[in-house]
Amino acid sequence: MTEKIDRTRKIRWLVLALAAASLCLSALAPAHVAEAQEQRYQRRSILDFFLGRRYLDDGPQAPDVQQPRRQQRKRPPAPKAIVNTRTAPPVRAPVQEEPAVQKLGDARTILIVGDFLASGLGDGLTAAFETSPGVVVEARGNVSSGLVRDDYYDWPEQLPKMIDELKPAMVVVMIGANDRQQMVTDTAKEKFRTDGWFSEYRRRVLSFGKEVTGRKIPLLWVGLPAFESDSMTADAVQMNQLYRNQVESIGGEFVDIWDGFVDENGNFIVTGSDVNGQQVRLRTSDGINLTQAGRRKLAFYVEKPARRLLGTQASPDLVRLDSSNLPGLGLPANPVEHTVPISLSDPNLDGGAELLGARPPPMTLTRSPRDLLVEQGEMTPAPPGRVDDYRLPVVKAPAEVSVK
């Protein structure tokens, strides 16, 4: 027992001596080295100093003290991944894009003219008729053009050249979003929204439409959508009415797209239903242009009248039936040979002995409830206790008791 106590005392004195030696060394070191060591060894336990543990970090080191190199242990090689073929997901084959539909040599052309909205309509109609080999969409929109500024782009001059070049089966016009500005005429400068401006604009719209209908080409004039600006929306409503009146007067067709880009209250919307009924973003952040989904929805309104005017060539899935491609119905070649006349007076065909109505109905001595109701207006009384039994119950008077 005494030996164990002496050994414990020796260990304590040794620990105290080591602590005193470390304090002396730190006092002899320069000030900046002492600060570095203090920062490096702070938050360490006293046993780390006593037992000789050292921690290397990124703190400042003494320039004249050689730091021991950290021995890097060799990491064992990572085990190879074992793939369980039973539970591993199957490798998906790359999706192959469907080849583009080859257009026919006699495909009919849809010419689209107008401003930046017409260019977006061209993208949407191209996607709509992508699988129709008999239809080709040609979008010739000019982004900043209109019917007001003919000095920038003269549509009355360019449209006849396009028609002569492409020989379209139909012309689609969407224009007017850039026309909300001053108009310069031969005699004056008309400000927007004045009577003179609208009078001249009607004349230009009518003349532009006659370039198409005068050649016996179907004309579809697409109206303007609502915009985020209230003033632009109000102007679009007024201009759409002008387009409708002028185009229909020369035999064209006005395509109204207004309901597709407003809510149930008639207000401008950024997000709405696409052609598949899903909620998507239809307008860009400027409140004027259309997104790709908005362009496809815009083309949705034009696609229906376009297919109607182009006929079966716009819808390759429709098949015109004639005597050469009628489906087989299993009918006999000569129906007269398989026809057997049936005599209406022959009762044996249905297994009976008499025709219906040949025997008089049985005689009854009592009248049925139907006869009483129809002929005399009488109804049989309801049984007691039923909901339509309105008879009052008969209450018997109590018997009189004689007192003697």
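Just above, that's the structure.
Remember, it's a predicted structure, so these values are computed and weren't measured experimentally. (Residues numbered from 1 in each chain as written. Predicted model: local features only at pLDDT ≥ 70, side-chain atom pairs only at ≥ 80, totals over all residues. Heavy atoms only, no water.)

A word on the overall build of the protein
The following threshold applies: Strands are runs of DSSP state E lasting at least two residues, helices are runs of H or I lasting at least four, and both sets are numbered from the N terminus onward. A 1.4 Å probe rolled over the protein chains alone gives each residue an accessible area, and that area as a share of the maximum for its type sets the label: buried under 20%, exposed over 50%, partly exposed in between. Contacts are assigned to residue pairs that have any heavy atoms within 4.5 Å of one another. Here, Shrake-Rupley sampling with a 1.4 Å probe gives the accessible areas, and only protein chains in the shown set may cover a residue.
Counting secondary structure elements, the protein contains nine helices and nine strands. The buried share of the protein, reckoned over its 404 residues, is 29%. Contacts in the protein between residues at least 24 apart in sequence constitute 64% of all its contacts with a sequence separation of at least 6. Summing over all exposed atoms, the protein offers an accessible surface of approximately 30,000 Å²; the carbon and sulfur share of this is 54%.

Here's the deal with the pattern of salt bridges
Our working definition: Salt bridges are defined as contacts in which a side-chain nitrogen from Lys or Arg sits within 4 Å of a carboxyl oxygen from Asp or Glu.
Under the definition given, this model contains 17 salt bridges. Two residues, Asp164 and Arg215, come together in a salt bridge whose shortest N-O distance is 2.7 Å. A residue pair is termed long-range when its members are at least 10 positions apart, and Asp164 in helix 5 (residues 155-166) and Arg215 in the loop between helix 6 (195-213) and strand 6 (219-222) qualify at 51 residues. Note that Asp235 and Arg180 form a salt bridge whose closest N and O atoms lie 2.8 Å from each other. Placement of the pair is Asp235 in helix 7 (residues 230-249) and Arg180 in the loop between strand 3 (170-174) and strand 4 (183-184), with a sequence separation of 55 residues. Arg180 gets classed as partly exposed once you look at its relative accessible area, which sits at 27%. Salt bridges linked by common partners bring Glu138, Arg140 and Glu165 together as one network.

Focus on the sheet that holds strand 1 (residues 108-114)
What counts here: Whether two strands pair comes down to DSSP finding at least two bridges between them. Every axis in this analysis is a line fitted to C-alpha atoms, fitted for helices over the stretch in contact. Angles between the N-to-C directions lie between 0 and 180 degrees.
Pairing within the open sheet is parallel, and its five strands lie in the order 2-1-3-6-7. Of all strands in the sheet, those with a lone pairing partner are strand 2 (135-139) and strand 7 (253-255), marking the two edges. Going across the sheet, the axis of each strand differs from the next one's by a mean of 20°, ignoring polarity. With three bridges connecting them, strand 3 and strand 6 associate as parallel partners. Residue Val171 lies in a different strand from strand 6, and its bridge partner there is Leu219.

Quick look at the packing of aromatic side chains
Test applied: Think of it this way: a Phe, Tyr or Trp ring, Trp meaning its six-membered ring, pairs with another when their centres are within 6.5 Å, and the plane angle makes it stacked under 30 degrees, edge-to-face over 60, tilted otherwise. In this scheme, Lys NZ or Arg CZ marks a charge over a ring once it lies within 6 Å of the ring centre and within 35 degrees of the ring normal.
All told, the structure shown has ten aromatic pairs when counted by the stated rule. Judged by centre distance (4.9 Å) and plane angle (65°), the ring pair of Tyr153 and Trp155 falls under edge-to-face. Relative to Tyr243, the ring of Trp221 lies with its centre 5.3 Å away and its plane at 35°, an arrangement referred to as tilted. Of the two residues, Trp221 sits in strand 6 while Tyr243 sits in helix 7, which places them 22 residues apart along the sequence. Above the face of the Phe261 ring, Lys297 is positioned so that its terminal group lies 5.8 Å from the ring centre.

Side note on the environment of Phe300
With respect to the secondary-structure elements, Phe300 resides in helix 8 (residues 292-310). C-alpha separation for the pair Phe300 and Val275, spaced 25 residues apart in sequence, amounts to 7.0 Å.

A look at the layout of surface pockets
Selection rule: A cavity, in this analysis, means grid points on a 1 Å lattice covering only the protein atoms where a 1.4 Å probe fits yet has no way out; a pocket is instead an open set bounded by protein on both sides within 12 Å along at least five of seven lines, and a residue lines either one if it has an atom within 4 Å of a point. Grid points are joined across faces, edges and corners, and a volume is the space filled by probe spheres set on the points. Each residue gets one of three labels, nonpolar for Ala, Val, Leu, Ile, Met, Phe, Trp, Tyr, Cys and Pro, charged for Asp, Glu, Lys and Arg, and polar for the others, Gly among them.
Space inside the second largest pocket adds up to approximately 170 Å³. Around the second largest pocket sit Gly146, Leu147, Asp150, Tyr153, Asp154, Trp155, Pro156, Arg203, Arg204, Ser207 and Phe208, which together line it. At the level of elements, helix 5 and helix 6 are the ones that each hand at least two residues to the lining of the second largest pocket. Here the element with the most residues in the lining of the second largest pocket is helix 6; it accounts for four residues. Classifying every residue of the lining of the second largest pocket gives five nonpolar, two polar and four charged.

Points about the nonpolar core
What counts here: We call a set of buried Ala, Val, Leu, Ile, Met, Phe, Trp, Tyr and Cys residues a nonpolar core when their side-chain atoms join them within 4.5 Å.
Among the nonpolar cores identified, the biggest contains 65 residues, and Val113, Leu121, Val172, Tyr201, Trp221, Val222 and Tyr243 are the most heavily contacted of them. Residues within four places of Val172 in sequence aside, it is in contact with Ile110, Leu111, Ile112, Val113, Leu121, Leu220, Val222 and Val302.

Focus: the packing of helix 4 (residues 116-128) against helix 8
Rules: These descriptions rest on fixed angle ranges, namely under 35 degrees for roughly parallel, over 145 for roughly antiparallel, 65 to 115 for roughly perpendicular, and the rest for oblique. Here is the rule for handedness: rotate from the far helix to the near one, and if that takes an anticlockwise turn smaller than a right angle the crossing is left-handed, while a clockwise turn gives right-handed.
Viewed as axis vectors pointing N to C, helix 4 and helix 8 meet at an angle of 70°, and their least axial separation amounts to 7 Å. Considering the angle they form, helix 4 stands roughly perpendicular to helix 8. Considering only the axes of helix 4 and helix 8, their crossing is right-handed. Together, Leu117, Gly120, Leu121, Asp123, Gly124, Leu125, Ala127 and Ala128 of helix 4 and Gln292, Arg295, Arg296, Leu298, Ala299, Val302, Glu303 and Arg307 of helix 8 make up the contact between the two elements. When its residues are assigned to classes, the contact of helix 4 with helix 8 shows eight nonpolar, three polar and five charged.

Re the environment of Leu298
Tracing the chain through its elements places Leu298 in helix 8. When its relative accessible area of 0% is taken as the criterion, Leu298 is described as buried. In the structure, Leu298 is positioned 174 residues away from Gly124 in sequence and 7.0 Å away in space, judged by C-alpha atoms. Discounting chain neighbours no more than four positions away, the residues touching Leu298 are Leu117, Leu121, Met174, Val222, Ile257, Phe261 and Leu290.

Observations regarding a nonpolar patch on the surface
To keep things clear, this is the line we draw: Only residues whose relative accessible area exceeds 30% and that form no salt bridge are eligible for patches; like-charged ones are grouped when within 9 Å, while nonpolar side chains (Val, Leu, Ile, Met, Phe, Trp, Tyr) are grouped when within 5 Å.
Taken together, the side chains of Leu373, Val374 and Met379 present a nonpolar region at the surface, about 350 Å² in accessible area. Looking at where Leu373 falls in the secondary structure, it is placed in helix 9 (residues 369-375). A relative accessible area of 46% means that Leu373 is categorised as partly exposed.

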